[in-house]
Amino acid sequence: MIFKDKDDVESDKMQAGIKDSILKMLRSREKTINSGEEDKSMTDYLTLLLTAHHESDDNYKLSMQDIIDDCKTFYTAGHGTVTLLLSRVTLLGIHTEWT
Ligand code: HEM
């Protein structure tokens, strides 16, 4: 048996929570797509990923886990860069002597 310390247990809980909330978002989007409520002219990235999940050709099919991983990558890539950019711009705005 592998021993898990408090941090490992907490980390597992957080991972499960993140997966859960992404799955909720995906299911909700799938519902919108299936109900035909979605505006067909607005084919965003999430819709493209979900369409690929239902692809009949296995070479192009994405698993739900692939989509969850992609969502995590986009979230962290987008969040990290934009928050850093905004905080630097704010600091430069306050400390004009730095420029
Ligand atoms: C100020 C904003 C941003 C900056 C400066 C920035 C910068 C970069 C840079 C330098 C790369 C690496 C490119 C490479 O050499 O491979 C990258 C990759 C990436 N960025 Fe951003 N990014 C920004 C915002 C975002 C946002 C908002 C998202 C998503 C919503 C995002 C998603 C990604 C992803 C998924 C990759 C990996 C692409 C790949 O390897 O195929 N980024 N970004």
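Please read all numbers here as calculations on a predicted model, not as lab measurements. (Residues numbered from 1 in each chain as written. Predicted model: local features only at pLDDT ≥ 70, side-chain atom pairs only at ≥ 80, totals over all residues. Heavy atoms only, no water.)

1. So, the environment of V82
Logical step 1: Positionally, V82 belongs in helix α3 (residues 64-94).
Logical step 2: With a relative accessible area of 45%, V82 lands in the partly exposed category.
Logical step 3: Here the alpha-carbon distance between V82 and H54, two residues 28 residues apart in the chain, equals 32 Å. (Helix = DSSP H or I, 4+ residues; strand = E, 2+ residues; numbered from the N terminus. Buried < 20%, exposed > 50% of the residue type's maximum accessible area, 1.4 Å probe, protein only.)

2. Some details on a nonpolar patch on the surface
Logical step 1: A cluster of nonpolar residues, L91, L92, I94 and W98, forms a patch on the protein surface that exposes about 420 Å² of accessible area.
Logical step 2: Tracing the backbone through its elements, the reader meets L92 in helix α3.
Logical step 3: We classify L92 as partly exposed; its relative accessible area is 40%. (Patch = residues over 30% accessible without salt bridge, like charges linked within 9 Å, V, L, I, M, F, W, Y side chains within 5 Å. Areas by Shrake-Rupley, 256 points an atom, 1.4 Å probe, with all protein chains shown as cover. Salt bridge = Lys/Arg side-chain N within 4 Å of Asp/Glu carboxyl O.)

3. Brief notes about the confidence of the model for the chain
Logical step 1: Averaged over every residue, the pLDDT of the chain is 92; residues scoring 70 or more account for 96%.
Logical step 2: Across the chain, element-level confidence peaks in α3 with a mean pLDDT of 96 and bottoms out in helix α2 (residues 45-53) with 91. (pLDDT = per-residue confidence, 0-100.)

4. Focus: α2
Logical step 1: Along α2, the residues classified as buried are L46, T47, L49, L50, A52 and H53.
Logical step 2: Along its buried surface, α2 packs onto α1 (6-35) and α3. (Contact = heavy atoms within 4.5 Å.)

5. Here we look at α3
Logical step 1: With 31 residues, α3 ought to run about 45 Å at 1.5 Å a step, and its terminal C-alpha atoms sit 45 Å apart, in line with that.
Logical step 2: All buried positions along α3 are accounted for by M64, I67, I68 and C71.
Logical step 3: Elements in contact with the buried residues of α3: α1 and α2. (Expected span 1.5 Å × (residues − 1).)

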